[in-house]
Each structure stands twice: as C-alpha cells, then as structure tokens.
There are 2 protein chains.
Amino acid sequence: MGNMLLMPELALPPEAQSLADAVVKAVRHGVAAGELVPDVTYSVYQLADLLGISRSPVREGLLRLEEAGLIEIRRNRGFRVLPPQAHDIEEIIGIRLALEPPAARLAATLGTDDQHALIGATLAAMAAAASQDDENSFWPADRSLHDLLLRTSGRPRTATIIERLRTTTALLGPPTTASGRTLAQIHAEHEPIVTAVLARNGAAAEAAMRTHLEATAHLLVTNL
Amino acid sequence: MGNMLLMPELALPPEAQSLADAVVKAVRHGVAAGELVPDVTYSVYQLADLLGISRSPVREGLLRLEEAGLIEIRRNRGFRVLPPQAHDIEEIIGIRLALEPPAARLAATLGTDDQHALIGATLAAMAAAASQDDENSFWPADRSLHDLLLRTSGRPRTATIIERLRTTTALLGPPTTASGRTLAQIHAEHEPIVTAVLARNGAAAEAAMRTHLEATAHLLVTNL
DNA sequence: CCGGCATGAGTAACATGTTACCCATGAGCG
DNA sequence: CGCTCATGGGTAACATGTTACTCATGCCGG
C-alpha cells in the first residue's frame, strides 16, 4: 500500500484564496504534470505532509475534486486519480454544443451595452496575448470570454457548469499550440462570435459559436 | 448575531451514509419546511449543536450546498439560504431541454437490452406508486427514470449535472399533486418516452422527452 | 496445497482545539 | 452632530486528536 516513492515537487499556488482551493490547483497541476498518476492509491495524510498543511483543507479539496470526477475516494483506503477518457471528452463537447450556442444568441439579444463592452475588451485581451504567443494570458482570457458570454445570457448556472467541464478537459494538458491551431487562429475563431454579439445578431452569434466548438471538438478528438 | 430563537426540529436522516450527507439532506428539508429562512445568518456552530454532531461534517455539507447554489457562505460571518428564483427555474428547465431529449434518443438507439429492461421496470414502479398515490415512492422513481435514461445514453456526466439541477428545483417543494397534474398524469407523460426507447425509436424518444419537459416547464413557471 | 480467519497496519470520517479575521458597536475627537 | 477608530464578540478556516472501518498478510487447520 502506498509505495510513495516518487511524487516530487507539489507546491501550493500562492494565489489561491483558501488552502482548500490551493489543494485543488496543486492536485490538478500534479496530474497534468504527471506527478500524480492513476492506479496509485494516495492518502490525505501523505498529501498534507507533502504540502506542509493540515489534513482538513486537503480533505476539502479532494472532496471537490471527487465531485468534479477527477479522483475517486475509497473509504478508508485513499484516493486515486481517474484520468478523463476519450469518451468523457466527447460527452463534454456534446454538452457544450448543446448549451453554449443558444446562450450566445441570448447574450447577443439581451446583453447590456456595458456587458458587450466587457466582452469586446476580453476579445482584445485574447488578441494581445495571441500576438505575443503568451499562453499564460491567452487561456484565461479564452475562458473568461466563454464565461462572460454565458453570464451575459443571464445563465449563471450554465456558466458554472461549463466552467467546471472546462476544468476537466484542461487536465488533458492545455490544448496547446501543439494541438494544431495557433493562438492567432483560435482568436480568429472567436472574433465572429463577438462581432455578431456586439451587432446584436443572435442567429449569427449562435452559428459562430457552434462553428467554433465544432472545430475544437474535432481537434480534441483527433488529438487524443 | 444570529437571533436563533426558532429553528425547530432539524433531524438527521438516518439513511444517509455519511454525516456530511445527512447534513445536506437535513438542510434541504429544513429549507423546504420553512425552518431555515433566507436573510437570516446561521453558523456552523449552531447547526452542529442543533444536530448533535461536530462541526466537520456540517462544514463539509455546507460547502457542498454552497456549490449547489442553495446557500452562500460569508467568510467569518456565517451562511444564509438563497432560495431559488423564478429565473433560476427557467434556466434549469432550459438546460434540461437542451440535454435530456438528445440523450433519450441515444438511450433508445444504443442502450443494451438489459438497460432497457431496467428502464421498463422503473416505469412500472412509477405506475405502481401512482396507482396508490404514494408520492414517497413516486418521485424517487421519476428521478431514477430520468437518471437511467441519461446513463443509458452513455452520458454519466450529464446525468450528474441533471441530478444536481433537479435537487435545486426540488427545494421549491416537490412539484406535488397540487401543481396541477396527478401522479397518474405524470406517469402517462413518461410512458411514450419509455415505449419509444424500448422500440429503439430514437426520434420518437427525443420528441416524447421534449414534450414531457415542456409540460413540466409550463407548470413550474405558472405555478411559481 | 488451499481456504477460512485472526490480526494489524493504514486510512477516511468525525470530533475538538486554535487562530485570524470581519464587522458591529460605541466611545472619543473634531 | 458627524467621523474615526479602538475593541470585542462571533465566526470560518485551519490544525490536531480520536474512532472505527477496510483490507492485505500470514497463520493454522483441512
């Protein structure tokens, strides 16, 4: 039980506002970096020791991760990482295709001018990050843009759902440039969406969002 | 802070398999029964005392409820109940309409015979409960049926999402018979869905599910 | 050689102790 | 009379102690 030989440098991201939050990020990073591998049983004790904090926030973070489907907690045994399967990716894309295009339509028709301005600004931020090939700025902006569109459509719960699903797909390793698109190309896919939204053209916004997601789906599936 | 005058009998449901789980159920029941009201700040200490357990499972349960959007936790202040708004109901129905009909189609086309048999059995359970006007059996069966259809479609994540959303709407008080439909009527709405699924007729299953959800939506909205 | 069973290590779940924080209150000053 | 700010109560968040469970291991009888 619990060989625990490796499991190198797991660090606490200092930007988290609670330790439980930090644990979530640390574990996600650890999985993405291959430091935490599937089929090995870890324990709350180990992780707490490793991170230099107590078991309470570790447990809280793990419970959240379990709900997100990233890990499985086995009573009195420990927890294991459950890597997302190809099948999961397809399901997630399916959900996003069902929810985001209609929301884009609503964002176009019933968003306020202020909200539209914010959406435009976020697209500009994506453009700036893309021009500098700065992934650290680009992906958060991408995420914000989708989130903003969802919230502008008056659907906060949908936004939360999508945000959570995105978290899962992000574990496969960010859909980096290696996936086949440059940052500039991805930015270009978003532009028609935003243009349609700002023009309050609901149908066009919905179609553009669908096109974008389908392109993403194609990449994720082939790139698995 | 925390007048705490009333707040009568909150009991721990014994059928929960962890105390944190029991807390979730107790709070939901308390809200539905009007024992926990919005705009009053409660604390983990109070609730733990009241339930006769320690603060740890209470905290865990509250964190889950916060994630579900039922309560708001204010750091170092306590938590308040956030009752679902009419607007939330509309959003939830919208999500279900986007996700469940396509899933019903898939359940029809690619479910195994075993899965279909289970679905049929669940519908029979609904029928039995309806004939005896037994809400305590009926609603769980209704829930199971929707869940089974989702899982049969090969979409466990979608099933989890819907299950969680249903939990939220259930807080308004179960859509009781008072909502305008008898249990028999609700059962009757499900029958064409199951019939289509068992016949492996995807299009019909999708349409039937859509019809059912639209009827539900109409009731929930007018009955608010 | 094999299958039931005691045993013990390791753990999640729960209980309790501690800390640092937020904010309402009200006294003191302008 | 209004404004600032010290103060203290109450809290979430975190740390640590305790309990009861799960399961692998190995002994023993068949």
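Data block above holds the structure.
A short tour of the structure in this document, coming up. (Residues numbered from 1 in each chain as written. Chains lettered and ligands numbered in written order. Predicted model: local features only at pLDDT ≥ 70, side-chain atom pairs only at ≥ 80, totals over all residues. Heavy atoms only, no water.)

Things to note about the overall build of chain A
A tally of regular secondary structure across chain A gives 9 helices and 2 strands. Computed over C-alpha atoms, the radius of gyration of chain A comes to 19 Å, within 12% of the 17 Å expected from 2.2 N^0.38 for 224 residues, which places it in the range of a compact globule. With 224 residues in all, chain A has 45% of them scored as buried. If you take every contact in chain A between residues at least 6 apart in sequence, the share linking residues at least 24 apart comes to 70%. Accessible surface for chain A amounts to roughly 10,600 Å². Of this, 54% is attributable to carbon and sulfur atoms. Put simply, chain A has 20 plus and 26 minus side-chain charges, and the middle of one group is 8 Å from the middle of the other. (Helix = DSSP H or I, 4+ residues; strand = E, 2+ residues; numbered from the N terminus. Rg over C-alpha atoms; globule rule 2.2 N^0.38 Å. Buried < 20%, exposed > 50% of the residue type's maximum accessible area, 1.4 Å probe, protein only. Contact = heavy atoms within 4.5 Å. Areas by Shrake-Rupley, 256 points an atom, 1.4 Å probe, with all protein chains shown as cover. Lys, Arg positive; Asp, Glu negative; His and termini not counted. Charge placed at Lys NZ, Arg CZ, Asp CG, Glu CD.)

Brief notes about the protein's contact with DNA strand D
Taken together, 21 residues surround DNA strand D, and among them A:Leu19, A:Ser54, A:Arg55, A:Ser56 and B:Arg59 come closest. Expressed as a percentage, the sugar and phosphate content of the atoms of DNA strand D within 4 Å of the protein is 70%. One of the side-chain nitrogen or oxygen atoms of A:Arg55 is found 2.3 Å away from a base oxygen of DNA strand D. Separating a base nitrogen of DNA strand D from a side-chain N or O atom of A:Ser56 is a distance of 2.9 Å. Secondary structure elements with two or more residues in the surface near DNA strand D: α3 (55-68) of chain A together with α2 (44-51) and α3 (55-68) of chain B. Broken down by element, the surface near DNA strand D gets its largest block of residues, 3 residues, from α3(A). Partitioned by chemical class, the residues of the surface near DNA strand D number 5 nonpolar, 8 polar and 8 charged. (Near = heavy atom within 4 Å. Polar contact = N/O pair within 3.5 Å; in protein donor to acceptor, adjacent residues only side chain to side chain. Nonpolar A, V, L, I, M, F, W, Y, C, P; charged D, E, K, R; others polar.)

Things to note about the protein's contact with DNA strand C
Close to DNA strand C lie 20 residues, the nearest being A:Arg59, B:Leu19, B:Ser54, B:Arg55 and B:Ser56. What you see for DNA strand C is that sugar and phosphate hold 68% of its atoms within 4 Å of the protein. One of the side-chain nitrogen or oxygen atoms of B:Ser56 is found 2.8 Å away from a base nitrogen of DNA strand C. Elements with a minimum of two residues in the surface near DNA strand C: α2 (44-51) and α3 of chain A together with α3 of chain B.

Structural notes on the environment of A:Val58
Residue and element names in this part refer to chain A. Topologically, Val 58 is positioned in helix α3. The spacing of Val 58 and Pro 192 is 134 residues in sequence and 43 Å in space, taken between C-alpha atoms. Those residues within four positions of Val 58 in sequence are excluded, and the remaining contacts are Val 23, Val 44, Leu 47, Ala 48 and Ile 53.

Observations concerning the pattern of salt bridges
Residue and element names in this part refer to chain A. Taken as a whole, this structure holds 26 salt bridges over all chains when the rule is applied. Note that Asp 39 and Arg 80 form a salt bridge whose closest N and O atoms lie 4.0 Å from each other. With Asp 39 in the loop between α1 (19-32) and α2 and Arg 80 in strand β2 (residues 78-81), this residue pair connects regions lying 41 residues apart in the sequence. What makes Arg 80 partly exposed here is its relative accessible area of 24%. One continuous salt-bridge network, built from bridges that share partners, spans Asp 39, Glu 72 and Arg 80. (Salt bridge = Lys/Arg side-chain N within 4 Å of Asp/Glu carboxyl O.)

With respect to the side chain of B:His116
Residues and elements named next belong to chain B. Among the secondary structure elements, His 116 is positioned in helix α5 (residues 113-131). Here His 116 falls in the buried class, since its relative accessible area comes to 5%. Among the polar contacts listed, one links the side chain of His 116 to the backbone oxygen of Ala 107, at a separation of 2.9 Å. Every residue in contact with His 116, bar those within four places of it in the chain, is listed here: Ala 107, Ala 108, Gly 111, Thr 152, Val 197, Leu 198 and Arg 200.

Details of the interface of chain B and chain A
Between chain B and chain A, the contact holds 26 residues from the first and 26 residues from the second. Per-residue buried area on chain B facing chain A is highest for B:Glu67, B:Glu91 and B:Arg157; these three make up 32% of the total on that side. Seen at the junction of chain B and chain A, the total is 6 salt bridges. With a closest N to O distance of 2.6 Å, B:Arg59 and A:Glu60 form a salt bridge. At the junction of chain B with chain A, the criterion picks out 10 residue pairs in polar contact (both at pLDDT 80 or more). (Buried area = accessible area lost by both parts, 1.4 Å probe.)

Some words on the side chain of A:Arg155
Inspection of the secondary structure assignment puts A:Arg155 in the loop between α6 (135-152) and α7 (156-170). The side chain of A:Arg155 is buried and forms no salt bridge, while B:Glu91, the nearest opposite charge, is found at 5.5 Å. The contact partners of A:Arg155, leaving out residues within four places of it in the chain, are A:Leu106, A:Leu150, B:Glu91 and B:Gly94.

Some remarks on the pairing of strand β1 (residues 71-74) of chain A
Summarising the sheet, β1(A) and β2(A) pair through 4 bridges and their orientation is antiparallel. By the bridge assignment, A:Arg74 is partnered in β2(A) with A:Gly78. (Pairing = 2+ DSSP bridges.)

Describing the packing of α7(A) against helix α4 (residues 86-110) of chain B
The relative placement of two packed helices is expressed as an angle between their axes plus a distance between the axes. Viewed as axis vectors pointing N to C, α7(A) and α4(B) meet at an angle of 50°, and their least axial separation amounts to 9 Å. Judged on the interaxial angle alone, α4(B) and α7(A) are oblique. When α7(A) is examined against α4(B), the residues A:Pro156, A:Arg157, A:Thr158 and A:Ile161 are found in contact with a partner set consisting of B:His87, B:Asp88, B:Glu91, B:Ile92 and B:Ile95. Across the contact of α7(A) with α4(B), the residue classes break down as 4 nonpolar, 2 polar and 3 charged. (Axes fitted to C-alpha atoms, helices over the stretch in contact; angles between N-to-C directions. Parallel < 35°, antiparallel > 145°, perpendicular 65-115°, else oblique.)

Purely geometric numbers; function is a separate question.
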